[in-house]
Amino acid sequence: TKIHDQTLVRGTGGELHQIAEGDAPVLTTAQGAPVSDDQNTLKYGERGPSLIEDFHFREKIFHFDHERIPERVVHARGYGAHGYFETYKSLAKYTRADIFQRAGEKTPAFVRFSTVAGSKGSADLARDVRGFAVKLYTQEGNWDIVGNNIPVFFIQDAIKFPDIIHSVKPEPDRGFPQAQSAHDNFWDFISLTPESMHMVMWVMSDRAIPRSFRFMEGFGVHTFRFLNEKDESTFVKFIWKPKLGLQSVVWNEAVKINGADPDYHRRDLWNAIQAGDFPEWELCVQLFDQDFADSFDFDILDPTKLIPEEIIEPIPVGRLVLDRMPDNFFAETEQVAFMTQNVPPGIDFSNDPLLQGRNFSYLDTQLKRLGSTNFTHLPINAPKCPFHHFQQDGHMAMRNPVGRANYQPNSWGEGPRENPQRGFRSFRDEVEGPKVRLRAESFADHYSQARQFFISQTVHEQKHIAMALTFELSKVETPVIRERMISHLLNIDEGLAETVAEKLGMKDLPKPADAAITPRDDLPASDALSIIKN
Ligand code: HEM
């Protein structure tokens, strides 16, 4: 940053005025009127009352008073960067998505990393899931992969999302703790929600305290579908693999960093990109068909389960490079609106009940947060391909239809038309059954993959999990909640349960929690789940 020589003129009260000269633009109001004095309000006499006629003052303060918009209800603290996605080779066999047709093609991208639970001003090294949301501005519409750095989730059905989030946010009567899972409400909810056990093991692992955004994996979590030209479906899971490998800090470091530099992750990304040290990820896909889905040990619609990488190898299909910081944090990082329902032709949803619920939630929340149905008019959210529709008006409309026709069909030869060949088509999924509010029995095994994850860890990683559970549960004041958690841990790993119970000073071990399905101990440890690889 260059410091300019500047002419400063002293005012009658000793205040300094910086006068426009040379190339410096003249300060104006938002209506464009040049401003003569930005240091003093308009008054009756030098020491008199201020005048309501002072439109410059009123406009300036009015705008300032309205600077804050609601922070995101989750993932409030985040940091974004621009870049591009480069396609390695055509995937036309599997998908007609335009982004995957031509090797070497570059697609503009914007990524926002985040923590989930803390508010906008919370510290970067909280023990928490990290959001990994990618917007790809493809030639056939924006594609958002709104993922996390953990491949599974806490709950199986979106109807439980408000509950899990309420439980992790500050308790309503006392308004704390902030951005910490270490409290009674969170562990109360978890201990009453066996489906959370797999995710909780990941959150207690070193994955939840990454060294930097640059050393994290990203996961689309849900099973999606690729659809090719013939509308044939292949199931797909999306995984981002960092070129730099995976690294985490230890809890002791995390606590110190949070105190010394709560912006640690932001600063890291800013410094790396400014230095030209551009972080890079490979997009990998796990592809499988209906026969695999039918034969796999778990339900591929269950977002608390993953498909181990030894069973289906992730295939790299392109790379993501982040090479430019936003010009303005608010305009871009704050106003970016990710939505799981943003998919281009050739990519489709599965019936995962968490994904189906998310597809409702994100549009709804963007209207609340950004305040207008026209949030797609903001440059960060607008498609970068040609787009034409008849939506009009509303607050802050900037792209109203041009001409006479704002509907179709019309007789004026104006406006856009449908395209059955190129347009988005859903997979012709055959669904039948009674209308019920029921969870499928195929979702009922809550412990086997939690155990598989734990045994996949190295000894020191397992120790970190035991220490994290001990720390977290030691903050829980209600004995029955601690006991419930130990009874779940007994179904995951007896040694782990005993270690944590002993460290918590528990005299007797509780009985293992009732399991709907006997937890399996025949699943091999999966190398692909191990944390620190380099
Ligand atoms: C925000 C991921 C489940 C509702 C986000 C963001 C990410 C994310 C990364 C931040 C986006 C950004 O950086 O702007 C996930 C993942 C989930 C999940 C991976 C499970 C696999 C859910 C569910 C719901 C939900 C089940 C609701 C039913 C929201 C809302 C926001 C959000 C309301 C705030 C969006 C905003 O204000 O811009 N989620 N989420 N999420 N998520 Fe989720």
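Residues numbered from 1 in each chain as written. Predicted model: local features only at pLDDT ≥ 70, side-chain atom pairs only at ≥ 80, totals over all residues.

1. Observations regarding the overall build of the chain
Along the chain, the regular secondary structure elements total 13 helices and 12 strands. Here the C-alpha atoms of the chain give a radius of gyration of 27 Å, agreeing with the 24 Å that 2.2 N^0.38 yields for 534 residues. In terms of overall dimensions, the chain has C-alpha extents of about 85 × 65 × 45 Å along its principal axes. If you take every contact in the chain between residues at least 6 apart in sequence, the share linking residues at least 24 apart comes to 73%. (Helix = DSSP H or I, 4+ residues; strand = E, 2+ residues; numbered from the N terminus. Rg over C-alpha atoms; globule rule 2.2 N^0.38 Å. Contact = placed C-beta atoms within 7 Å.)

2. Notes on the pairing of strand S4 (residues 106-115)
Burial within S4 is extensive, with 8 of its 10 residues counted as buried. Where strand S3 (residues 78-87) lies against S4, 9 bridges are found, and the strand directions are antiparallel. Bridged to Gly 83 within S4 is Ala 109. With 7 bridges joining them, S4 and strand S5 (residues 130-138) adopt antiparallel strand pairing. In the strand pairing of S5, Phe 113 is matched with Phe 132. (Buried ≥ 20, exposed ≤ 12 C-beta atoms within 10 Å, placed from the backbone. Pairing = 2+ DSSP bridges.)

3. Some details on the site of the ligand
Near the ligand lie 28 residues; those nearest to it are Arg 72, His 75, Arg 112, Gly 131 and Ser 361. Going through the elements one at a time, S4, S5, strand S6 (141-148) and helix H9 (353-370) are the ones with two or more residues in the shell around the ligand. Broken down by element, the residue count for the shell around the ligand peaks at 8 residues, all from H9. A per-class count over the shell around the ligand returns 14 nonpolar, 10 polar and 4 charged. (Near = placed C-beta within 6 Å. Nonpolar A, V, L, I, M, F, W, Y, C, P; charged D, E, K, R; others polar.)

4. Details of the UniProt feature "binding site: heme" (unreviewed entry) in the chain
Taking the UniProt record as the reference, the feature "binding site: heme" (unreviewed entry) is found at Arg 72, Arg 112, Phe 161, Arg 358, Tyr 362 and Arg 369. Locating Arg 72 in the fold gives a position in the loop between helix H1 (55-65) and S3. Of the residues examined, Arg 72 has 21 C-beta atoms within 10 Å and is grouped as buried. With respect to the helices and strands, Tyr 362 occurs in helix H9. (UniProt positions renumbered as here; feature names shortened; annotations may be inferred.)

5. Remarks on the packing of helix H12 (residues 479-492) against helix H13 (residues 494-503)
H13 packs onto H12 with a crossing angle of 150° between their chain directions and a minimal axis gap of 6 Å. Taken as axis vectors, H12 and H13 run roughly antiparallel relative to one another. In this structure, H12 contributes Ile 486, Leu 489, Leu 490 and Ile 492 to the contact, and H13 contributes Glu 494, Leu 496, Ala 497, Val 500 and Ala 501. Considered class by class, the residues forming the contact of H12 with H13 number 8 nonpolar, no polar and 1 charged. (Axes fitted to C-alpha atoms, helices over the stretch in contact; angles between N-to-C directions. Parallel < 35°, antiparallel > 145°, perpendicular 65-115°, else oblique.)

6. With respect to unusual backbone geometry
It is generally the case that most residues other than glycine have a negative phi and that most peptide bonds are trans. For the bond from Phe 176 to Pro 177, the omega torsion is 0°, close enough to zero to count as cis. Here the amide bond leading from Gln 408 into Pro 409 is cis, since omega sits at 5°, within 30 degrees of zero. The topology assignment puts Pro 409 in the loop between H9 and helix H10 (448-456).

7. A look at the nonpolar core
Residues Met 199, Met 201, Ile 465, Leu 489, Ile 492, Leu 496 and Val 500 are the most contacted members of the largest nonpolar core, which totals 51 residues. Elements with a minimum of two residues in this core: helix H2 (161-168), helix H3 (184-191), helix H4 (197-203), H9, H10, helix H11 (459-474), H12 and H13. By residue number, the principal contributor to this core is H4, which donates 6 residues. Ranked by size, the runner-up nonpolar core spans 49 residues in total, among them Tyr 79, Tyr 94, Phe 113 and Phe 338. (Core = buried A, V, L, I, M, F, W, Y, C linked by C-beta atoms within 7 Å.)

8. Concerning the UniProt feature "active site" (unreviewed entry) in the chain
Following the UniProt record, the feature "active site" (unreviewed entry) maps to His 75 and Asn 148 here. The largest pairwise C-alpha distance within this set of annotated residues, which runs over 74 residues, is 10.4 Å, so the set is compact in three dimensions. One can find His 75 in the loop between H1 and S3. Residue His 75 is classed as buried on the basis of its 22 C-beta neighbours within 10 Å. Ignoring anything within four residues of it in the chain, the contact list for His 75 reads Ser 114, Val 116 and Gly 131. Looking at the secondary structure, you find Asn 148 in strand S6. In this structure Asn 148 comes out as buried when scored by C-beta crowding, with 24 C-beta atoms within 10 Å. Once residues lying within four places of it in the same chain are set aside, the contact partners of Asn 148 are Val 129, Arg 130, Gly 131, Phe 132, Phe 219 and Val 221.

9. Describing the packing of H2 against H3
Interaxial distance between H2 and H3 falls to 7 Å at its minimum, and their mutual angle equals 145°. Two secondary-structure elements touch here, H2 through Asp 163, Ile 164, Ser 167 and Val 168 and H3 through Asn 185, Phe 186, Asp 188 and Phe 189. Here the contact of H2 with H3 is composed, by residue class, of 4 nonpolar, 2 polar and 2 charged.

10. So, H3
Of the positions making up H3, those classed as buried are Phe 186, Trp 187, Phe 189, Ile 190 and Ser 191. For H3, the elements touching its buried residues are H2, H4, H11 and H12.

11. Describing H9
In this model H9 runs 26 Å from its N-terminal to its C-terminal C-alpha over 18 residues, within 8% of the 26 Å that 1.5 Å per residue would give. Of all the residues in H9, the buried ones are Pro 353, Leu 354, Leu 355, Arg 358, Gln 366 and Leu 370. Against strand S12 (347-349) lie the buried residues of H9. Backbone geometry just after H9 places Gly 371 at a positive phi near 85°. (Expected span 1.5 Å × (residues − 1).)

12. Considerations on the environment of Glu 332
Position of Glu 332 relative to the elements: it lies in helix H8 (residues 329-334). With 20 C-beta atoms counted inside 10 Å, the residue Glu 332 sits in the buried group. With 251 residues separating them in the primary sequence, Glu 332 and Ala 81 have C-alpha atoms 8.9 Å apart. With residues near it in sequence (within four places) discarded, Glu 332 still touches Gly 80, Pro 326 and Ile 380.

13. Here we look at the pairing of S5
With 9 of 9 residues buried, S5 is to be regarded as a mostly interior element. Residues of S5 alternate between two faces, with Arg 130, Phe 132, Val 134, Leu 136 and Thr 138 on one and Gly 131, Ala 133, Lys 135 and Tyr 137 on the opposite face, all of them buried. Bridge count for S5 against S6 is 8 bridges, and the pairing is antiparallel. Bridging across to S6, Ala 133 finds its partner in Val 146. Where S5 folds back onto S6 in an antiparallel hairpin, the turn is made up of 2 residues.

14. Re the environment of Gln 156
Structurally, Gln 156 can be placed in the loop between S6 and H2. A sequence separation of 147 residues divides Gln 156 from Pro 303, and the C-alpha atoms of the two residues are 5.9 Å apart. With residues near it in sequence (within four places) discarded, Gln 156 still touches Glu 195, Asp 302, Pro 303, Thr 304, Pro 353, Leu 354, Arg 439 and Phe 443.

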